[in-house]
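Reading the structure
Below, each chain spelled out in residue letters.
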Amino acid sequence: MKRRDIVLIGVVLFMAAVGFLFLSLVKQDGEKAVVTVDGKEVWSHSLSEDAVYTVKSRNGSNVVRIQGGKASVTEADCPDQICRKHKAIDKTGETIVCLPHKLVVEIKDGTKEKEYDGITI
Amino acid sequence: MTRRIAVDGMFLTLAIVVSYIEVLLPIPVGIPGVKIGLANGVIMVLLFFTGWKRALFISVLRILLAGMLFGNPMTIVYSLAGGILSIFLMALLKKAGGFSAVGLSVAGGVAHNLGQLSVAVCLMENVRIYYYTPILLVTGTIAGIAIGVLTAGLVKKVPANLFQ
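Residues numbered from 1 in each chain as written. Chains lettered and ligands numbered in written order. Predicted model: local features only at pLDDT ≥ 70, side-chain atom pairs only at ≥ 80, totals over all residues. Heavy atoms only, no water.

Moving on: the overall build of chain A. If you tally the helices and strands in chain A, you get three helices and seven strands. Reading the helices (α) and strands (β) of chain A from amino to carboxyl end gives α-β-β-β-β-β-α-β-β-α. Against the compact-globule benchmark of 14 Å for 121 residues, chain A has a radius of gyration of 18 Å, which places it well outside the compact range. Along the first, second and third principal axes, the C-alpha atoms of chain A reach 55 × 45 × 30 Å. Relative to its 121 residues, chain A shows a buried fraction of 45%. The contacts of chain A with a sequence gap of at least 6 include a subset with a gap of at least 24, amounting to 35%. In chain A, 18 positive and 17 negative side-chain charges are present, and the distance between their average locations comes to 8 Å. (Helix = DSSP H or I, 4+ residues; strand = E, 2+ residues; numbered from the N terminus. Rg over C-alpha atoms; globule rule 2.2 N^0.38 Å. Buried < 20%, exposed > 50% of the residue type's maximum accessible area, 1.4 Å probe, protein only. Contact = heavy atoms within 4.5 Å. Lys, Arg positive; Asp, Glu negative; His and termini not counted. Charge placed at Lys NZ, Arg CZ, Asp CG, Glu CD.)

Once that is clear, we can look at the interface of chain A and chain B. Many authors give the size of an interface as the accessible area that is lost as the parts come together. Contacts between the two partners involve 32 residues from chain A and, on the opposite side, 38 residues from chain B. When chain A packs against chain B, the two sides together hide about 3100 Å² of surface, and 70% of this comes from carbon and sulfur. Its largest share of buried area at the contact with chain B, chain A owes to R4(A), L99(A) and K102(A), together 18% of the area lost on that side. Counting every contact that joins chain A to chain B gives one salt bridge. (Buried area = accessible area lost by both parts, 1.4 Å probe. Salt bridge = Lys/Arg side-chain N within 4 Å of Asp/Glu carboxyl O.)

Residues and elements named next belong to chain B. Those places that UniProt annotates as "transmembrane region" (unreviewed entry) correspond, in this numbering, to residues 7-27, 33-52, 64-93, 99-123 and 135-155. The span residues 33-52 is 70% helical and 0% strand by assignment, and the distance between its end C-alpha atoms comes to 23 Å. Taken as a whole, residues 99-123 contains 92% helix and 0% strand, while its terminal C-alpha atoms sit 34 Å from one another. (UniProt positions renumbered as here; feature names shortened; annotations may be inferred.)

Let's shift gears to the pairing of strand β1 (residues 32-37) of chain A. All names here are of chain A. Among the six residues in β1, five count as buried, and that is most of the element. Taken together, the six bridges between β1 and strand β2 (residues 40-46) define a ladder with antiparallel strand orientation. Bridge assignment links A33 to a residue of β2, and that residue is H45. Connecting the antiparallel pair β1 and β2 is a turn made up of two residues, with D38 showing a positive phi of about 55°. Relative to strand β7 (residues 103-108), β1 runs antiparallel, the two being bridged by six bridges. (Pairing = 2+ DSSP bridges.)

Taken as a whole, the largest pocket spans an internal volume of roughly 1000 Å³. Around the largest pocket sit 50 residues that line it, and E22(B), V23(B), K35(B), S79(B) and Q116(B) are the ones nearest its centre. Of all the secondary structure elements, the ones that give two or more residues to the lining of the largest pocket are α2 (82-85) of chain A together with α1 (2-24), α2 (38-50), α3 (52-70), α4 (73-96), α5 (101-124) and α6 (133-157) of chain B. Here the element with the most residues in the lining of the largest pocket is α4(B); it accounts for seven residues. A per-class count over the lining of the largest pocket returns 25 nonpolar, 20 polar and five charged. (1 Å grid on protein atoms, 1.4 Å probe; cavity = no way out; pocket = protein on both sides within 12 Å on 5 of 7 lines; lining within 4 Å. Points joined across faces, edges and corners; volume = space filled by probe spheres on them. Nonpolar A, V, L, I, M, F, W, Y, C, P; charged D, E, K, R; others polar.)

Before going further, it helps to examine the nonpolar core. Counting residues in hydrophobic clusters, the biggest one holds 34 residues, and the most contacted among them are F11(B), L46(B), V106(B) and F163(B). Among the elements of the structure, α1 (3-26) of chain A together with α1, α2, α3, α4 and α5 of chain B are those that each provide at least two residues to this core. The dominant element in this core, judged by the number of residues it contributes, is α2(B), at seven residues. Residues A33(A), I96(A), L103(A) and V105(A) belong to the second largest nonpolar core, which totals 20 residues. (Core = buried A, V, L, I, M, F, W, Y, C linked by side-chain atoms within 4.5 Å.)

In C-alpha cells:
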C-alpha cells in the first residue's frame with residue numbers, strides 16, 4: 001500500500017460518511033409504497049394497510065407485500081434474487097430495486113406531495 | 001499472435017470461471033451491486049502486464065459471456081457500464097502513478113458500482129436509486145482492498161514473459 005492508496009480510501013470512506021449522514025437527516029416515516037417499472041408507476045398503496053400485489057411486466061414478475069407497516073418483495077423470478085433478500089422498508093427515500101426487471105419499490109410521504117401539488121407558481 | 005490468442009483465451013476463461021464462482025456465492029444483503037469482484041482481479045493482472053486496451057477487450061467479452069450464461073440482458077447493460085468506467089479509471093490512475101494495486105482496485109470497484117448505479121438511475125428514470133451510493137462506496141472499498149491484495153500477489157507470481 002502506498003500513501004496515495006490510503007488517501008484514496010480515506011476520501012471514498014469520507015464521501016460515504018457524508019452520504020450516510022445526509023440520508024439519516026432526510027429520512028422520516030413514510031406513508032405509502034409506490035412500485036414503478038421502467039419509471040412508470042404501476043401500483044401505490046398505503047403502508048398502514050396490509051396488501052399483496054403481483055407485478056407482471058414483460059421483464060418478469062415480482063410479488064410486493066405490505067405487512068405491519070413495511071413493504072418488501074417476497075417473490076421474484078429474476079436471476080439474482082437481490083430484491084427478495086432486501087429488508088422490509090418503511091422510511092421515505094428507501095428503495096428496493098430489482099435491476100433485471102427494472103422495478104423499484106420506494107417509500108413516499110403521501111401527504112407532502114399533495115401539498116406541493118396545490119402550489120402553483 | 002498465436003501466443004496472444006492463447007493467453008487472451010486463458011484469461012477470458014479464468015474471468016468467466018471466477019464470475020461463476022461469484023454467482024454461486026452471492027452476498028445476501030439485498031443491495032444491488034454488492035459483490036466481491038473476483039473478475040476484476042483477473043482483469044487487473046492484464047492491465048498490469050498488457051495495458052488497458054487488452055484488459056478492456058477481455059473485460060467486455062467476459063461481461064457479455066458471463067451475462068448470457070448466468071445473468072440476463074439487463075445485467076449485461078449494468079455490468080458493461082460499470083466495467084468500462086472501472087477500467088478507464090484504473091488505467092488513468094495507473095498512468096498518474098503513485099498507486100499500488102490496492103488503490104487501483106478500490107477505485108475500480110467503486111467506479112464499477114457508481115457506473116452501474118447511474119445506468120440504473122437512467123434506465124429506471126428514478127433518482128432514488130442513488131440511495132445506495134454510501135453503502136456501495138463502503139462495500140466497494142472493502143472488496144477493492146481484498147481484490148487489490150490478491151492482484152498484487154498474482155502480479156508477482158505470473159511470469160511476465162507470458163505476455164510477450
